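# Fold and geometry: a report
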Amino acid sequence: MGRVGAMTEVADGVHRLGSRYINWYVIADRGRLTVLDTGLPGYASQLPGLLATLGRTPADVEAIVLTHSHVDHAGGAVRATELTGARVMVHVADAPVVRGDRKARRPRLPLSRPYLLRYLLTHLVPNGGAGYPTVAAVSEFADGAVLDVPGRPRVIHAPGHTPGSCALLLEDRSVLFSGDVLVTLNTGDGSTGPRLISRFFNGDPAQAVEALGVLEPLHAGVMLPGHGEPWTGGVGEAVRLARAVGLPD
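Residues numbered from 1 in each chain as written. Predicted model: local features only at pLDDT ≥ 70, side-chain atom pairs only at ≥ 80, totals over all residues. Heavy atoms only, no water.

### Some details on the environment of Arg-105
Among the structural elements, Arg-105 can be located in the loop between α4 (95–99) and α5 (114–124). Residue Arg-105 is classed as partly exposed on the basis of its relative accessible area of 40%. For the pair Arg-105 and Leu-170, spaced 65 residues apart in the sequence, the C-alpha separation amounts to 30 Å. Leaving out residues up to four positions away in the same chain, Arg-105 has contacts with Phe-200, Phe-201, Asn-202 and Gly-203. For Arg-105, the side chain forms a polar contact with the main-chain oxygen of Asn-202, separated by 3.5 Å. (Helix = DSSP H or I, 4+ residues; strand = E, 2+ residues; numbered from the N terminus. Buried < 20%, exposed > 50% of the residue type's maximum accessible area, 1.4 Å probe, protein only. Contact = heavy atoms within 4.5 Å. Polar contact = N/O pair within 3.5 Å; in protein donor to acceptor, adjacent residues only side chain to side chain.)

### Observations regarding the sheet that holds strand β10 (residues 175–179)
Read from one edge to the other, the open sheet built from four strands follows the order β8-β9-β10-β13, with strand pairing classed as mixed. Each edge of the open sheet carries a strand with a single partner, namely β8 (154–157) and β13 (222–225). Pairwise comparison of adjacent strand axes, ignoring direction, gives a mean angle of 25° for this sheet. Relative to β10, strand β9 (residues 166–170) is paired through three bridges, and the arrangement is antiparallel. Bridge assignment links Leu-170 to a residue of β10, and that residue is Val-175. (Pairing = 2+ DSSP bridges. Axes fitted to C-alpha atoms, helices over the stretch in contact; angles between N-to-C directions.)

Written as structure tokens, this is what we have:
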């Protein structure tokens, strides 16, 4: 399931972990590290393996930054912060869910779809996706902030998928972590290429479509999504292709 080793480097100093369904990342910056999302709770063993491969220790991780509050992105945060002692950071609008002050939204899923059902039963649920481990202490950020963590990502608030859904931009590396604002694998139906994720996964589908406009002007040659393969054709082109597909049901 995991991706550990030299082949995990998908951009300058950026390593990918996760599975064929879900991505999370580690940003390296002069020997210090930021974890970007954490995947499902069952992915917890992947981080120590990557750290060992990189010749780093848990103490080298300074921060755990979340693109949004869904369990496939935030579910491993408890174990990651226990391992590293690093602070967990998320947009102010999603912080109540990550802390457990507000319940996560449960989408109504069309379980008659074979791909979706297989994803849920063979991967998401076995890796702890049916629960939601919460983090008591969470640091909050807002739109436009440049986070004082390794890599210094700039926050691009793009709500719709969740109220606090964000992309994170490494301006000096021309890399955008798009979270679930824009993906290259739709886990609702298995389709690939730049696109929005299925309507039922989005808290506000209309707002999720509008969020593409927030990403469109960003100058980044590499887009690293929460689901799917890296995109190297530029963010503007990814947005154009996603608009052509439209919002999947």
